[in-house]
Amino acid sequence: MRTTLCLIAAALLLLPASVLGQGLPANSVDFGGRATAFAAGSDEARSQRYRDTRNGLTLDAFTFGKDTEMRRFSLQADHVGYLDQHYAAAWNEFGRFKVSFDWNQTPLFFNEDTKTLFSTSRGVLRIDDAIQAGLQGGTTTLGSAVSQAHPFDLRVRRDVADFKMTYSATEHVDFKISLKSTAKTGNQPWAGTFGFSDAVELPVPVDTRTTDLGAGIEWANGRTMARLAYDGSFFSNNVSTLVWDNPLRATDSAAAGPLQGRMSLWPNSDMHTGSAMGSLSLPARSHATAYISVADWSQNDPLIPFTINSALATIPLDRPTANADARITSMNYSFNSRPTDLVYYTARYRSYDYKNRTAVFNVPTTVSYDTTVAAFAGGGTSPLSYTRRTFDADLMLMPFKYGSFRAGYTREQVDQTVRYFDTTTEDTFRVSADTTAVTWLTLRGVYEHAKRVGSGFDEQALDEIGEQVSLRQFDISDRTADRFSAIAQVTPLSQLAVNASVSVGSEDRPGSGFGLRSNNNHAYSAGVDFVPRDAVSMGITFEREWYTALQASRQANPGVQFNDPTRDWTTNSTDTVQTLSASLDLLKAWPKTDVRMAYDYSRAESQYLYGLAPNTTLAPVVQLPVVSNELQRGTLDVRYHFTPKLAAGVVYWYDRYIVNDFAQSASTLTSLAQPSFLMMGYLARPYTANTLSGRLTYYW
Amino acid sequence: MSAPNLFELLRTRMRRHIIGIPLRLLIASGFAWALAAGLRGGWPAAAQTNDYVGTAVCVTCHDTEGQSLRKTLHGKTENPRSPAATQGCETCHGPGRAHVDSGGEPEKIKRFTAMAARDISATCLTCHNRGDHANWNGSTHDARNLSCVTCHSVHSPKAAKAQLKAVSVIATCAGCHKTEVAKLQRFGHMPVREGKMDCTACHNPHGSTNVRLLKVGNWVNEACVSCHTEKRGPYLWDHAPVREACNTCHDPHGSNNERMLVAKLPMLCQRCHIGTKHPSTIYDGTQLVARSSRLIGRGCVNCHAQIHGSNSPAGNAFLR
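Residues numbered from 1 in each chain as written. Chains lettered and ligands numbered in written order. Predicted model: local features only at pLDDT ≥ 70, side-chain atom pairs only at ≥ 80, totals over all residues.

A. Fine view of the overall build of chain A. Looking only at helices and strands, one finds five helices and 34 strands in chain A. Considering only C-alpha atoms, chain A reaches an extent of 80 × 60 × 60 Å along its principal axes. Here chain A holds 700 residues, and 38% of them are scored as buried. (Helix = DSSP H or I, 4+ residues; strand = E, 2+ residues; numbered from the N terminus. Buried ≥ 20, exposed ≤ 12 C-beta atoms within 10 Å, placed from the backbone.)

Quick look at the structure:
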């Protein structure tokens, strides 16, 4: 399939055409410059959400490699000096060792025109005392105070350094070591609330590092494999607590709220996993595999007090640290055999046991919003444990060597604590047909029918959290699901390929009085790829998808309303998506010139329609506007080869994004000060960007 | 324990036991069948040394293939695990004596374009049976009759890495997984279309110990928290569906919603929280005009920021 996303075309641009089909890319480097022009009012941050397209000189797509009979060495550098830079190095001493190092930097640019009243110092966010005093005293309003908000870039950066080494001690034995360090820094959208009329959007500081360490030994010959491995992961957060000012208060009060709020952020945590795996080829083309791993996840961060509000009575902590720990045991056993050319069957048993060994943290009394002390009906934490056991079996018949028919069955049983079903059991039956390896035709189709049933229903679990007892949470509710998908590709000529696919799915939850009752999806696609000759290729693919869901609720307060069916309502949600991808490559169609063009289009519309009971006592609803997103991207790349070693080219990118989202639009959020909400101005806005790059490429 | 509860418990256990019997029988009979077939069939016979003719003979007719192989890792004689260091072309294509002696009859040698999918894979697995490939047999792709050469080409790859037949990993996967690839273009997405990751960042198409061919860990969440480590916990206060499966609320391939949520907030939360007070309220156009903090901005997480779990003692409602 040649019809691809623009990103694939973009990735290709990084490669000299001559390298494709070879073992190692040719040495090359791009020098040039780039300029991006945004249309007025464009959301430049969203345009550069995971990339950096700023104006400036560029050093890009540096590739250097050396390949001999003894070893292979390669260096790569992309987007040098920009926020999305990437560097890689690899050394492969054939049959002896392999070493690789990768440095990958990924920006996550949320917003560039966010504003806040808070000044940040690590985990402490402060507002000018005068503003707080003015708001508490009623001498100013939030609406006027936000004029003092200062702008800032809301962004996070992820830096990943990844080192891997494999040492081949003998022809059959490998030692493997890996070390990865991931740092995340910046600020991301967050929230701190002091009650229903005092929500605050915050730029929470992010300063974390995860260190992953892996070590293993693997032995294999042609028939047998055995592996022992250790994986450790250590997460550390340099900002473990967030303290932020209450904009509406200058002093602590037991009745009117606190001066500030406090919460724990992501705790430091460790993971240790030991695993063993073995596989064995048996006679009659049979194969058995066994895998077991035991992991320990733990964190023991100090616990903060229930509240920072000095006007409230101190509630003693049940223990000073979290002392949270989970033991995870996983097992996987599989067996497959092809005793004759006609039959292939597989069987697999999988077990995943997440045992939360954290002791209950007793909470007879708690504090809401750092404002209110109240008895906590739950009495304490409810550590969740669950065990998933899955059995899979498939029988495949291959009456001809170019295809197979399969019938399969899966049974998954999940035992869980805390939730309203002790156990859910899902039986899935499937059949599929796959015709492959015929040069002119590929057909694949699969149908699945699944039924999930819960047992050990605990009505009290719903009662305790104040829910309707006919609510069924959709991830564990009784469910019947059907799914069919098929894909066909016809290649009547070696230059022409036509493909089409269809996918239909439905889920019905007959036992759900409230909650998600059903959801359905349909998707259709069609595409054509045409390669009349080596120098010319083109393709186009179109896909249309529909998703619908129906959920039910009851608008009620405790008391009479709780059991009043005239207060029932439903939400009918519909998502429709259209995606188009097209590409045209003209390589040396003109002397010494390569031209590549690509275009991607995606438009999605989401609608949430409310419905009321026929005899409703609720007020008439006003339907919400449709949410829509439209993304377009066009790429044109022209490269002229002066000599086999030197080429010059220009690349043009056209990016256009149109969004209408009532919840985050500039027309809805016209001010940082909303009736019950102090915001940062993190909006969803459109953008149009035109990027032009000029470059010289040198090959050696 | 009251009598009805005891009865229910007994009934549940009996039902599980009864259902378990056919499963165990099926597993046992499978193993028995394989063992019997194995005893009858035995190991495949090893080729005799004089059946091989050597690479030098092969390239007299197949020079193009020989040239292409030399540029790849398969052609490195210094690597004792490579085909070049063992029987050369015949490591994969089998002994060529009969093919040569017959004057080049195609049927006298292993041709991958004319072999059944599992015969092709079995050939590759004689060497590639470790590391990322150790779980191929019985994997999702194996069960759908894919073979190694469905995606890879030994002699004429188009990608710079992994000898793929398509120009990239995403183009390879897009051949079948069209909807998932289309989702990469959505509003909420991971940095795939920006080139910072590809399908293999999360998936191992060769099989895995995890579900859905996820590369890391043994369950969906383990794959997700391998990058989103801050959400690993365990927390003092767990949000049950979060602890069980991240994809209950998120679509990792992309969605029309912020944070790749499967539905907009507050509608997504209202699929499970419909109790009294604000979770049960219709957040319609009237609430939009009133700028309700449960509807505008980031919806429910405008307040319930710690929705993935809280380590604050007062974090029972994920507000702290």
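B. Seen up close, the overall build of chain B. Secondary structure summary: chain B contains 13 helices and zero strands in total. The linear arrangement of helices and strands in chain B, starting from the amino end, is α-α-α-α-α-α-α-α-α-α-α-α-α. Split into buried and exposed, the 320 residues of chain B put 51% on the buried side. The long-range fraction of contacts in chain B, counting pairs at least 24 apart against all pairs at least 6 apart in sequence, stands at 45%. (Contact = placed C-beta atoms within 7 Å.)

C. View of the sheet that holds strand β13 (residues 260-264) of chain A. All names here are of chain A. With mixed pairing, four strands are arranged side by side in an open sheet as β6-β7-β12-β13. Single-partner strands in this sheet number two, and they are β6 (119-121) and β13. Mean inter-strand twist for the sheet, computed between neighbouring axes without regard to direction, equals 15°. In the sheet, strand β7 (residues 124-126) pairs with strand β12 (residues 241-245) via two bridges, with the strands oriented parallel. Along β12, the bridge assignment pairs Val 124 with Val 243. (Pairing = 2+ DSSP bridges. Axes fitted to C-alpha atoms, helices over the stretch in contact; angles between N-to-C directions.)

D. Structural context of the pairing of strand β8 (residues 150-168) of chain A. Residues and elements named next belong to chain A. As defined by bridge partners, strand β5 (residues 97-116) adjoins β8 across 17 bridges and the pair is classed as antiparallel. Looking across to β8, one finds that Leu 108 is bridged to Val 156. Inspection of the sheet shows β8 paired to strand β9 (residues 173-193) by 13 bridges, in the antiparallel sense. Directly across from Lys 164, in β9, lies its bridge partner Ser 178. As consecutive antiparallel partners, β8 and β9 are separated by four residues.

E. Up close: helix α6 (residues 117-125) of chain B. Among the nine residues of α6(B), seven are classified as buried, and the element is accordingly described as predominantly covered. Along α6(B), the residues that are buried comprise Ala117(B), Arg118(B), Ile120(B), Ser121(B), Ala122(B), Thr123(B) and Leu125(B).

F. Structural detail: the interface of chain A and chain B. Listed as interface residues are 171 residues of chain A and, on the opposing side, 118 residues of chain B. The dominant element in the side of chain A that touches chain B, judged by the number of residues it contributes, is strand β16 (residues 324-340) of chain A, at 11 residues. A class-by-class count of the residues in the side of chain A that touches chain B yields 84 nonpolar, 62 polar and 25 charged. (Nonpolar A, V, L, I, M, F, W, Y, C, P; charged D, E, K, R; others polar.)

G. Looking closely at the environment of Val498(A). Residue and element names in this part refer to chain A. Relative to the helices and strands, Val 498 is located in strand β25 (residues 496-508). Val 498 gets classed as partly exposed once you count the C-beta atoms within 10 Å, which come to 14. Remark: the alpha-carbon pair of Val 498 and Gly 527, spanning 29 residues in sequence, is separated by 5.8 Å. Aside from chain neighbours lying at most four places away, what touches Val 498 is Val 490 and Val 528.

H. Fine view of the nonpolar core. All names here are of chain A. One finds Ala 191, Leu 202 and Leu 678 to be the most contacted residues of the largest nonpolar core, which totals 72 residues. Counting only elements with at least two residues in this core, the list comes to α3 (129-137), α4 (142-145), β9, β10 (199-220), β12, β29 (593-612), β31 (646-660) and β33 (677-678). The dominant element in this core, judged by the number of residues it contributes, is β10, at five residues. Leu 202 has contacts with Phe 118, Leu 125, Trp 190, Ala 191, Gly 192 and Trp 244, leaving out every residue within four places of it along the chain. (Core = buried A, V, L, I, M, F, W, Y, C linked by C-beta atoms within 7 Å.)

I. Summary view of the environment of Ala500(A). All names here are of chain A. As for its position among the elements, Ala 500 is in strand β25. Sequence separation between Ala 500 and Leu 395 is 105 residues; the distance between their C-alpha atoms is 27 Å. Leave out the neighbours within four places in its chain, and Ala 500 touches Ala 488, Ser 525 and Ala 526.

J. The confidence of the model for chain B, seen in detail. All names here are of chain B. When the pLDDT values of chain B are averaged, the result is 88; 85% of them are 70 or greater. Within chain B, the element-level pLDDT minimum falls on helix α1 (residues 3-41), averaging 60, and the maximum on helix α11 (residues 220-225), averaging 97. Two summary scores accompany this predicted model of the complex, namely pTM at 0.92 and ipTM at 0.94. (pLDDT = per-residue confidence, 0-100.)

K. Spotlight on the confidence of the model for chain A. Mean pLDDT for chain A: 93, with 96% of residues reaching 70 or above. The model gives residues 1-22 of chain A a pLDDT under 50, and that stretch makes 73 contacts with residues more than four places away or in other chains.

L. View of the environment of Gly378(A). The residue Gly378(A) is located in the loop between β19 (372-375) and β20 (386-397) in this model. Judged by the 14 C-beta atoms lying within 10 Å of it, Gly378(A) is partly exposed. Other than its neighbours up to four places away in sequence, Gly378(A) contacts Glu464(A) and Asn316(B).

M. Examining unusual backbone geometry more closely. All names here are of chain B. Looking along the chain, the bond that leaves Gly 233 and enters Pro 234 is cis, with omega of 0°. Note on placement: Pro 234 falls in the loop between α11 and α12 (240-244). At the junction of Leu 265 and Pro 266, the peptide bond is cis and its omega measures out at 10° in the coordinates. Note on placement: Pro 266 falls in the loop between α12 and α13 (285-289). With a phi close to 65°, Ala 162 is a non-glycine residue in the positive phi region. Along the polypeptide, Ala 162 turns up in the loop between α8 (148-151) and α9 (169-174). Positive phi, close to 55°, is recorded for Leu 213, a residue that is not glycine.

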